[in-house]
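Commentary on secondary and tertiary structure
What follows is each chain in one-letter form.
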Amino acid sequence: QVQLVESGGGLVQAGGSLRLSCAASGFTFRTYNMGWFRQAPGKEREFVSTIRWSVGSTYYADSVKGRFTIDRDNAQNTVYLQMNSLKPEDTAVYYCAAARYLGGSYAYDRSYDYWGQGTQVTVSS
């Protein structure tokens, strides 16, 4: 049974930091590309970041580039999202996702096979 369980969300002031974790089980984590998406109230889900399994290449949305860092620990079957210099507009539910095959479509949620339940991040001004 595939599971992706996010944790680390919470309430933080603008300028603060959070580190999200996503623990995976039920599939061969080390051979999956892992991504983070987010959805703010009243908005569509949007791409945040992805890390490929093969060479560890990373991709970021322009809105988070330079502030967020994605990494993975294959020994722990966990992917992380370090979020620094948080802004109120980063407030959203953050979802972890896994994709076996990703071409150039890493920013599209339909490219991902498995999804977590999400963790709430709230940034106060």
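Residues numbered from 1 in each chain as written. Predicted model: local features only at pLDDT ≥ 70, side-chain atom pairs only at ≥ 80, totals over all residues. Heavy atoms only, no water.

1. Here's the deal with the packing of aromatic side chains
Enumeration over the complete set of coordinates arrives at 10 aromatic pairs. Between phenylalanine 27 and phenylalanine 29 the ring centres are 6.5 Å apart and the planes differ by 45°, which places this aromatic pair in the tilted class. Take phenylalanine 27 and phenylalanine 29: they sit in the same class, and that class is buried. Through a chain of ring-to-ring contacts, three or more aromatic side chains come together here, namely Phe37, Phe47, Tyr59, Tyr106, Tyr112 and Trp115. Arginine 100 extends its terminal NZ or CZ atom over the ring of tyrosine 101, reaching a point 4.9 Å from the ring centre. (Phe/Tyr/Trp six-rings, centres within 6.5 Å; stacked < 30°, edge-to-face > 60°. Buried < 20%, exposed > 50% of the residue type's maximum accessible area, 1.4 Å probe, protein only. Lys NZ or Arg CZ within 6 Å of the ring centre and 35° of its normal.)

2. Observations regarding the state of the cysteines
Applying the stated criterion across every chain yields a total of one disulfide. One disulfide bridge connects cysteine 22 with cysteine 96, the sulfur atoms lying 2.1 Å from each other. Residues cysteine 22 and cysteine 96 are joined through a disulfide that is left-handed, its torsion about the S-S bond being -75°. Residue cysteine 22 is found in strand β3 (residues 18–25), and its partner cysteine 96 is found in strand β9 (residues 92–99); the two are separated by 74 residues along the sequence. (Disulfide = S-S within 2.5 Å. Helix = DSSP H or I, 4+ residues; strand = E, 2+ residues; numbered from the N terminus.)

3. Section: the pattern of salt bridges
As enumerated under the stated definition, the model contains six salt bridges in all. Salt-bridge contacts for glutamate 46 lead to arginine 38; the nearest nitrogen and oxygen are separated by 2.6 Å. Under the relative-accessibility criterion, glutamate 46 is labelled partly exposed at 35%. On the basis of relative accessibility, which here comes to 5%, the residue arginine 38 falls in the buried class. Three or more residues are tied together by salt bridges with common partners; here these are Arg38, Glu46, Arg67 and Asp90. (Salt bridge = Lys/Arg side-chain N within 4 Å of Asp/Glu carboxyl O.)

4. Digging into the sheet that holds strand β1 (residues 3–7)
Spatially, four strands are ordered β1-β3-β8-β7 in an open sheet, and the strand pairing comes out antiparallel. The open sheet is flanked by β1 and β7 (68–73), the only strands paired with a single partner. Each adjacent strand pair in this sheet contributes to an overall mean axis angle of 15°, direction not counted. As paired elements, β7 and strand β8 (residues 78–83) share six bridges and run antiparallel to each other. Paired with isoleucine 70 across the two strands is leucine 81, which belongs to β8. (Pairing = 2+ DSSP bridges. Axes fitted to C-alpha atoms, helices over the stretch in contact; angles between N-to-C directions.)

5. Description of the environment of threonine 28
Tracing the backbone shows threonine 28 in the loop between β3 and β4 (33–39). On a C-alpha basis, the gap between threonine 28 and arginine 100 in space is 9.4 Å, while along the polypeptide they are 72 residues apart.

6. Points about the environment of cysteine 22
According to the relative accessible area criterion, cysteine 22 is buried, its value standing at 0%. Put simply, cysteine 22 and tryptophan 36 are 14 residues apart on the chain and 9.3 Å apart in space, counted from C-alpha to C-alpha. Excluding residues within four positions of it along the chain, cysteine 22 makes contact with Leu4, Val5, Glu6, Trp36, Asn77, Thr78, Val79 and Cys96. (Contact = heavy atoms within 4.5 Å.)

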